[in-house]
Amino acid sequence: MAKSEGTGATGSSSSAPMSEARLKELVRELQPRLVTSLREITPDEQVAENIAARTCMVVINEVRKGTVFHKPVIAYATTVARRMAIDHWRSAAVRREEPVAVIPEGSRHAAAREPDPDAANPGARLEFEEMLLIVRKEIGDDRRARIWELRHIWLWTGVEIAEALRISASTVSRELRRADEKARTAPVPLPRRES
C-alpha cells in the first residue's frame with residue numbers, strides 16, 4: 001500500500017516530519033472514525049475499540065519511522081483496521097463442546113458465564129461481507145461501489161475519497177449519488193447510521 005507522510009486524517013502530504021502534537025491530533029481524529037466503522041462490522045464494542053487503538057499504534061509507529069504517505073492517512077488506517085478485523089475473526093477460537101465425565105470443582109454453569117457477543121452472532125462477519133457483495137452487485141460499477149463503501153462504511157469524506165482515488169470531488173459526489181440510488185434497491189439492510 002502506498003504510504004505518505006500526511007499532515008492528518010484529511011490533510012495532504014508534506015516533506016517536513018510530523019510534530020508530536022500534530023500526531024496526537026491525528027490520532028484523536030482517526031480513532032473515533034475507526035471505532036464507528038468497526039462497530040458496523042463486529043457486534044463487540046470492545047473488539048472495535050481494541051482494533052481501532054491497535055490501528056492507531058501502527059499509524060503512530062509509521063509516522064515516527066518517517067514513512068511517507070502518498071494518500072490521506074485515513075486510507076492507510078482503514079486498510080490496517082480492515083486487515084486486523086479479518087485477522088481477529090480468523091484467529092477466534094473455535095468453541096467446541098467436549099464431554100466431561102466429572103464436572104470439575106469450581107466450574108460455573110454454562111448459563112452463568114458472561115455472554116460473548118461474537119458467540120451470540122457468529123455470522124456477523126459473514127453478514128457484513130454478504131451485504132457488501134450484494135450492494136456491490138446492485139451498484140454494478142467497481143469504482144462507485146468502492147466510493148459507496150468508503151463513504152458509508154468507513155466514513156471517509158468526499159475530499160479524502162477524491163484524493164485516494166485520484167479523481168475530483170465533484171466526480172466523487174456524482175458517483176456516490178448514483179451508487180446510493182442503486183444501493184437503495186439492494187435486498188439487504190444497509191448501515192443503520194447516517195454518515
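Reading guide: rules and limits
Residues numbered from 1 in each chain as written. Predicted model: local features only at pLDDT ≥ 70, side-chain atom pairs only at ≥ 80, totals over all residues. Heavy atoms only, no water. Helix = DSSP H or I, 4+ residues; strand = E, 2+ residues; numbered from the N terminus. Buried < 20%, exposed > 50% of the residue type's maximum accessible area, 1.4 Å probe, protein only. Polar contact = N/O pair within 3.5 Å; in protein donor to acceptor, adjacent residues only side chain to side chain. Contact = heavy atoms within 4.5 Å.

## What about unusual backbone geometry?
- Its identity as a non-glycine residue notwithstanding, Leu155 has a phi of 60°, on the positive side.
- Note on placement: Leu155 falls in the loop between helix H6 (142-152) and helix H7 (158-165).
- Phi angles above zero are rare outside glycine, and Arg166 is one such case at about 60°.
- Following the sequence through the fold, Arg166 ends up in the loop between H7 and helix H8 (169-183).
- Assessed through its relative accessible area of 61%, Arg166 is described here as exposed.

## Some points on the side chain of Thr78
- Locating Thr78 in the fold gives a position in helix H3 (residues 73-91).
- Within the local environment of Thr78, its side chain forms a polar contact with the backbone oxygen of Ile74, the two atoms lying 2.8 Å apart.
- Within the structure, Thr78 has its side chain in polar contact with the side chain of Trp156 (distance 2.9 Å).
- Discounting chain neighbours no more than four positions away, the residues touching Thr78 are Leu34, Trp154 and Trp156.

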